[in-house]
Amino acid sequence: MTMIYGVFNFLFLALAVGILGMSVYALVHALRVQPAAFISAGKLKKNLWLLILGLATLFSAAGAFSYLDAFIRVGGAVFLGIGLGLFSIVAVIAATIYIVDVKPAVKGMGGRGGSGPYGPW
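Residues numbered from 1 in each chain as written. Predicted model: local features only at pLDDT ≥ 70, side-chain atom pairs only at ≥ 80, totals over all residues. Heavy atoms only, no water.

**Q** Quick one: what's the story with the overall build of the chain, residue by residue and with numbers?
**A** When its secondary structure is counted, the chain shows four helices and two strands. Here the chain, with 121 residues, has 31% of them falling under the buried criterion. Considering only contacts within the chain whose residues lie at least 6 apart along the sequence, 78% involve residues at least 24 apart. Taken as a whole, the chain presents about 7600 Å² of accessible surface, with 74% of it coming from carbon and sulfur. (Helix = DSSP H or I, 4+ residues; strand = E, 2+ residues; numbered from the N terminus. Buried < 20%, exposed > 50% of the residue type's maximum accessible area, 1.4 Å probe, protein only. Contact = heavy atoms within 4.5 Å. Areas by Shrake-Rupley, 256 points an atom, 1.4 Å probe, with all protein chains shown as cover.)

Put into structure tokens, the structure is as follows:
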């Protein structure tokens, strides 16, 4: 039974780390986009997205590190359960909304340079 517990604990640990990676990716992308691109795309302002994604990254990092700590201490001895919590769920929802909706809308707007005959330069 401890092997099954270990597998489930490892899967939830991988899920927590995946949520953290997704939040960090969305935050880094939002940092790199020009503020005018958010306004011209009709989305929330850049500062608000940075606040939302910063909190999402903070909450998902706390969830991942606490789950990692519990996984290291317990391993496969007992089932830790779904230790992601409400804040990690909110973090994955915020990062998903940004990646799926906002990122494609601001992708081509407000970039550096102009558009040449072979693409942006």
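Let us keep going from here.
**Q** Describe the pattern of salt bridges, and please don't skip the residues or the numbers.
**A** Applying the stated criterion to the full structure yields two salt bridges. Between Lys43 and Asp101 there is a salt bridge whose closest N-O contact spans 3.1 Å. Of this pair, Lys43 sits in the loop between helix 2 (35-40) and helix 3 (46-74) while Asp101 is found in helix 4 (residues 85-106), placing the two residues 58 residues apart along the sequence. Accessibility expressed as a relative area gives 37% for Asp101, which makes it partly exposed. In this structure, Arg73 engages Asp69 in a salt bridge whose closest nitrogen and oxygen atoms are separated by 3.2 Å. Here Asp69 and Arg73 lie together in helix 3, a separation of four residues that amounts to about one turn. We classify Arg73 as exposed; its relative accessible area is 68%. (Salt bridge = Lys/Arg side-chain N within 4 Å of Asp/Glu carboxyl O.)

**Q** Tell me about the packing of aromatic side chains, and please be specific about residues and values.
**A** Given two aromatic rings, their pairing is described by the distance between the two centres and the angle made by the two planes. One pass over the full model with this rule turns up three aromatic pairs. Aromatic pair Phe10 and Phe71: ring centres 6.4 Å apart, planes at 50°, arrangement tilted. Of this pair, Phe10 sits in helix 1 (residues 2-32) while Phe71 sits in helix 3, and the two are 61 residues apart along the sequence. According to the relative accessible area criterion, Phe10 is partly exposed, its value standing at 49%. Between Trp49 and Tyr98, the ring centres sit 5.4 Å apart and the planes meet at 65°, which makes this aromatic pair edge-to-face. Linking Trp49 in helix 3 with Tyr98 in helix 4, this pair joins segments that are 49 residues apart in sequence. Each member of the pair, Trp49 as well as Tyr98, is classed as buried. (Phe/Tyr/Trp six-rings, centres within 6.5 Å; stacked < 30°, edge-to-face > 60°.)

**Q** Now, about the nonpolar core: what can you tell me, with residues and values included?
**A** Counting twelve residues, the largest nonpolar core is built from Ala26, Leu27, Ala30, Val33, Ala37, Phe38, Trp49, Leu53, Ala95, Tyr98, Val102 and Val106. Broken down by secondary-structure element, the contributors of at least two residues to this core are helix 1, helix 2, helix 3 and helix 4. The leading source of residues in this core is helix 4, at four residues. In contact with Tyr98, not counting residues within four places along its chain, are Ala26, His29, Ala30, Val33, Phe38, Trp49, Leu53 and Lys103. (Core = buried A, V, L, I, M, F, W, Y, C linked by side-chain atoms within 4.5 Å.)

**Q** Got a sec to walk through the confidence of the model for the chain? Specific residues and values, please.
**A** Should the pLDDT be low somewhere, the predicted coordinates at that spot are not to be read in detail. Here the chain shows a mean pLDDT of 86. Residues at 70 or above account for 86%. The least confident element of the chain is strand 1 (residues 115-116), whose mean pLDDT is 61; the most confident is helix 4, at 93. (pLDDT = per-residue confidence, 0-100.)

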